[in-house]
Amino acid sequence: MEVGFLGLGIMGKAMSMNLLKHGFKVTVWNRTLSKCDELVEHGATVGETPAAVVKKCKYTIAMLSDPAAALAVVFEKDGVLDGICSGKGYIDMSTVDDETSTKISEAITTKGGSFLEAPVSGSKKPAEDGQLVILAAGEKALYEEAIPAFDIMGKKSFFLGPVGNGAKMKLVVNMVMGSMMNAFSEGLELADKSGLDPQTLLAVLDLGAISNPMFRLKGPTMIQGNYSPAFPLKHQQKDMRLALALGDENAVPMPVAAAANEAFKKARSMGLGDKDFSAVYETVRQFKPSSS
Ligand SMILES: NC(=O)C1=CN([C@@H]2O[C@H](COP(=O)(O)OP(=O)(O)OC[C@H]3O[C@@H](n4cnc5c(N)ncnc54)[C@H](OP(=O)(O)O)[C@@H]3O)[C@@H](O)[C@H]2O)C=CC1
Ligand SMILES: O=CCCC(=O)O
């Protein structure tokens, strides 16, 4: 099977590499061209523009940073729309809002192509290991055709109905995750400042009702102050912002998520946007009294 892949950041690189390793023919494109090199070493070919990739491949997947990037790659000159036509499928796996996804879907289908949104749960390591959770919505026939690729990239795929439902599900999940990360950061700091060993807190949390993979994975590195990016903080803040907008639209009060968003914004203002989202811990760590 031949697929195109647009966007070779942390996630796109791992996902396209997995497709290559499992025998797919992959044509890649990335705005910063040099990021294609490693994929080429593993057998990928490079398309000069998104349009060139779409013209070459029956199916094209995108994994881009945010709504602005997802829209630019489709609508700008030599973008996806310049290559799409009947018989071709476009699958956007970026985390965006439902309005962005709907705009892209309408443009693709107007030109005769088919569209699926398919954002993912799971980060760098699950992407490398083919263990993502895929939250697809849009054209059911394209979903079924994409299953061989989804089965390589993920451990479970959901089909959630019309375009927008995948984007919304992803934003709800990441809103919960971002709120949890802030509560966890405060807990680590509270343990430390009140004379407890944060490592013991991790052991206690892991044995109780709120044990979860995120605390288990991120706790030890947060205590070390190691924020090597798996999920960049700027993207988590984008997801909180988009989830809060969804809350506005549906009149859902979300005071916890709003506070978490402020903490991520604070972290960005501290220059932590490209660090892992767990670096939000630094927003509570920095307020420790200098005498302590
Ligand atoms: N990292 C994670 O754990 C997860 C991330 N996600 C989501 O997946 C998406 C990608 O995340 P991730 O790989 O971490 O992000 P990265 O920041 O590592 O990569 C972003 C990609 O988007 C491209 N890009 C940004 N702006 C533009 C633009 N204007 N035009 C064209 N290309 C652009 C970048 O190109 P360039 O290299 O040129 O900058 C790069 O390929 C995001 O929506 C994120 O929220 C979802 C699940 C987990
Ligand atoms: O969008 C990023 C999600 C990260 C994760 O699910 O671990």
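Residues numbered from 1 in each chain as written. Chains lettered and ligands numbered in written order. Predicted model: local features only at pLDDT ≥ 70, side-chain atom pairs only at ≥ 80, totals over all residues. Heavy atoms only, no water.

The protein is annotated in an unreviewed UniProt entry as Glyoxylate/succinic semialdehyde reductase 1 of Trapa incisa. Its UniProt record gives the protein the following Sequence similarities (unreviewed entry) comment, quoted word for word: "Belongs to the HIBADH-related family. NP60 subfamily." We quote the UniProt Function (unreviewed entry) comment for the protein here in full: "Catalyzes the NADPH-dependent reduction of glyoxylate to glycolate as well as succinic semialdehyde (SSA) to gamma-hydroxybutyrate in vitro. May function in redox homeostasis and play a role in oxidative stress tolerance by detoxifying glyoxylate and SSA generated in glycolate metabolism and GABA metabolism, respectively." (UniProt positions renumbered as here; feature names shortened; annotations may be inferred.)

Please clarify how the overall build of the protein should be interpreted in this entry.
Along its length, the protein carries 13 helices and nine strands. Here the C-alpha radius of gyration of the protein, 20 Å, is about what a compact globule of 292 residues would show, namely 19 Å. Projected onto its principal axes, the C-alpha positions of the protein cover 65 × 45 × 35 Å. Here the protein, with 292 residues, has 51% of them falling under the buried criterion. If you take every contact in the protein between residues at least 6 apart in sequence, the share linking residues at least 24 apart comes to 67%. Once the 31 positive and 33 negative side-chain charges of the protein are each reduced to a mean point, those two points are 3 Å apart. (Helix = DSSP H or I, 4+ residues; strand = E, 2+ residues; numbered from the N terminus. Rg over C-alpha atoms; globule rule 2.2 N^0.38 Å. Buried < 20%, exposed > 50% of the residue type's maximum accessible area, 1.4 Å probe, protein only. Contact = heavy atoms within 4.5 Å. Lys, Arg positive; Asp, Glu negative; His and termini not counted. Charge placed at Lys NZ, Arg CZ, Asp CG, Glu CD.)

What is the right way to read the side chain of Ser-185 from this model?
Tracing the chain through its elements places Ser-185 in helix 8 (residues 165–193). Residues contacting Ser-185, with those up to four places away along its chain left out, are Met-222, Val-280, Tyr-281 and Val-284.

How should I be thinking about helix 8 in this particular structure?
Every α-helix winds through 3.6 residues per turn, so residues three or four apart in the chain are directed the same way. With 29 residues, helix 8 extends 42 Å between its outermost C-alpha atoms, agreeing within 8% with the 42 Å of an ideal straight helix rising 1.5 Å per residue. Looking one or two residues past helix 8, Gly-195 carries a phi angle of roughly 90 degrees, positive in sign. (Expected span 1.5 Å × (residues − 1).)

How should I be thinking about the packing of helix 1 (residues 10–21) against helix 7 (residues 140–153) in this particular structure?
It is the contact of helix 1 with helix 7, at a shortest axis distance of 9 Å, that shows an interaxial angle of 110 degrees. The orientation of helix 1 relative to helix 7 falls into the category roughly perpendicular. Remark: the crossing between helix 1 and helix 7 carries right-handed chirality. Facing Met-15, Asn-18 and Leu-19 of helix 1, the residues of helix 7 in contact are Ala-149, Ile-152 and Met-153. (Axes fitted to C-alpha atoms, helices over the stretch in contact; angles between N-to-C directions. Parallel < 35°, antiparallel > 145°, perpendicular 65-115°, else oblique. Left-handed = near helix turned anticlockwise from the far one by under 90°.)

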